[in-house]
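Letter by letter, the chains look like this.
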Amino acid sequence: MAQKADLNSGAPLLGERRLEYLRGKSKSEIAASDPDEAKYFRDRTYRLGAIVNSTPRYVGVPDSGWPNDMPGASKYSEFYNSNLDRTPVVYVGSNDGMLHGFRATDNDAGGGEELVAYVPSFVFSAEAEKGLHYLTEPDYDHRFYVDLNLEVVDAFIKGRGKNGNVSGSQAWRTVLIGGARAGAKGIFALDVTDPSFTEDTAAQHVLWEFSAEDDDRLGYLIEPPEIALMDWGSGPRWTAFVPNGYNSGSSSSGFFMLDIEKGLDGWDPGDYMYHEFDAGGDGLSPLTLIDANEDYMVDRVYAGDRDGNLWVAEISEGSPANAYTGAYFKADQPITSAPAVALSVDSGKDPDLMILFGTGQHLETADNADTSQQYFYAVHETSDAAPALTVNDLVEINVTGTGSQRETENKRVDYEKNRGWYTPLPTSGERVVNYPIIRGEYVYVNTLIPGSDPCMGGGYGWVMGFEIVRAENTTPVYRAFKNLDENGAGIKVSSTPSQLATWGNLLTYGTGTGGAGFTELDPFDDVLGRRGWREITE
């Protein structure tokens, strides 16, 4: 087996000792029982590996917020009420090769206790400087293992019994999907509905894995898949939508649709689909799902790629297809984060949506020194457009400012003549690598300006807020930021801001120094943005 080959890699055979070390035994403890073997293990300050890109995810009371009339499912409220006292757990991926789950209670109730550690099979390798054996070696140098952000959603599916057999009936379950990011080409799905983890019930919690071994079109993912309902023609199925990522074994840009339930007994033909945008592409960036007709099922998918293409797919009765003959929009810069999608002016030319996205990448060491001009785009999607649209179809809206604040010029868009607007990011090296979020009339996004030394981290960024539509003869009801004037568009963050989220009237984000940032927003009563699946489930 791959696990045994990995743990026993090299000479002498140290499989059992390596397993003890990986499970927390220190080098000194190994030396106490066998000094000769201890020399093959490295000293380490902490048992827990480095947590880099995987943000801790709290899972307590079910929080997907589904209505009781979800297609093909029992009442979500019953599942919610039956789990009000569920033991809260914080899950996080780590570069020690494991997904960890820690009890998230007060210290006097066992808070901080590790409840589960899961090692996906695709991180095992007997090759030099790979696999779990490398983590134990004296000359170990950091590399990535289980580094992907997590997606947690409640889904109505079959699961497994304690013996690992597939259950006969469907039920609401809390599904966690994680992966390796740059560590390997793979993702995994766990059932974390009941956090009473034991070795005897381990098989109950592992739903499936999907890796490049199953389909070589899967590359490295930088954001987790999205879980949503999709019409497969034979009815709705809970589906994991997975962009194929970067550096796959086949030249392609597209996305997978994995039937979460069908993967329980392995991946057979018909258990998943793949929609290809570009047969010669370099891989698809993170995607956004939209339920345009409000039937709780995905019918539109949006994503960019590193060639600057912004793609749109439509899904109808189990048949995904390109919404246009090619990309809807073509930028001259890479798109590496998921777009946001919002309502636009009512032109009578459906779908009448605004596609909002930034450009730039921060994936490789060389990207740190890239000072090429990057942009934020807002593109009106209508049925009469002639793709691929370009920057020439948009109105330029400039941002200016000094010190810690920015403002945008008060320029409007005539949608009879133009297809939206764009903003050049004003600082050299500034780029967008996180997805935008929508709140009311505004779209918010953070920008990154890396430090000069990629090994030392550093850098800073901005939290930006833009009016979404900016149509002629319209005036926004609210300001982008409560403490800025009506043209205020940005607040400087002294270290790099992480993915934005909203919490009531606050815009929240983490910082590169390990802190948290909060920016106050105006309260509002109505919402302009269409709710995508990401917004519904977070």
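Our structure is the block above this text.
Because the structure is predicted, anything quoted here is derived from the model rather than measured. (Residues numbered from 1 in each chain as written. Predicted model: local features only at pLDDT ≥ 70, side-chain atom pairs only at ≥ 80, totals over all residues. Heavy atoms only, no water.)

A.B. asks: Explain a nonpolar patch on the surface to me, please; I cannot follow it from the model alone.
C.D. replies: Taken together, Val61, Tyr80 and Leu84 make up a surface patch of nonpolar side chains, about 230 Å² in accessible area. Tracing the backbone shows Tyr80 in helix α5 (residues 76-82). (Patch = residues over 30% accessible without salt bridge, like charges linked within 9 Å, V, L, I, M, F, W, Y side chains within 5 Å. Areas by Shrake-Rupley, 256 points an atom, 1.4 Å probe, with all protein chains shown as cover. Salt bridge = Lys/Arg side-chain N within 4 Å of Asp/Glu carboxyl O. Helix = DSSP H or I, 4+ residues; strand = E, 2+ residues; numbered from the N terminus.)

A.B. asks: Which parts of the structure should I look at to understand the pairing of strand β14 (residues 300-305)?
C.D. replies: Side chains on a regular strand alternate between the two faces of the sheet. The buried count for β14 comes to six of six residues, which makes it a mostly enclosed element. Of the two faces of β14, the one lined by Arg300, Tyr302 and Gly304 and the one lined by Val301, Ala303 and Asp305 are each fully buried. Bridge count between strand β13 (residues 284-290) and β14: five bridges; the pairing is antiparallel. Looking across to β14, one finds that Leu289 is bridged to Val301. Summarising the sheet, β14 and strand β15 (residues 309-316) pair through five bridges and their orientation is antiparallel. Bridging from a neighbouring strand, Tyr302 pairs with Val312 of β15. Turn length for the β14-β15 hairpin, with the two strands adjacent in sequence and antiparallel, is three residues, and the turn residue Gly308 shows positive phi of about 90 degrees. (Buried < 20%, exposed > 50% of the residue type's maximum accessible area, 1.4 Å probe, protein only. Pairing = 2+ DSSP bridges.)

A.B. asks: Before we go on, may I ask you to explain the sheet that holds strand β5 (residues 151-157) in this structure?
C.D. replies: Each strand in a sheet pairs with another by means of backbone hydrogen bonds, the pair being arranged parallel or else antiparallel. Strand order in this open sheet of four strands is β5-β6-β7-β8, and the pairing throughout is antiparallel. The sheet is open, and its two edges are formed by β5 and β8 (206-211), each paired on a single side. Averaged over all neighbouring strand pairs, the angle between strand axes comes to 25 degrees, with direction disregarded. Alignment of strand β7 (residues 186-191) against β8, held across five bridges, turns out to be antiparallel. By the bridge assignment for β8, Gly186 is matched with Ser211. (Axes fitted to C-alpha atoms, helices over the stretch in contact; angles between N-to-C directions.)

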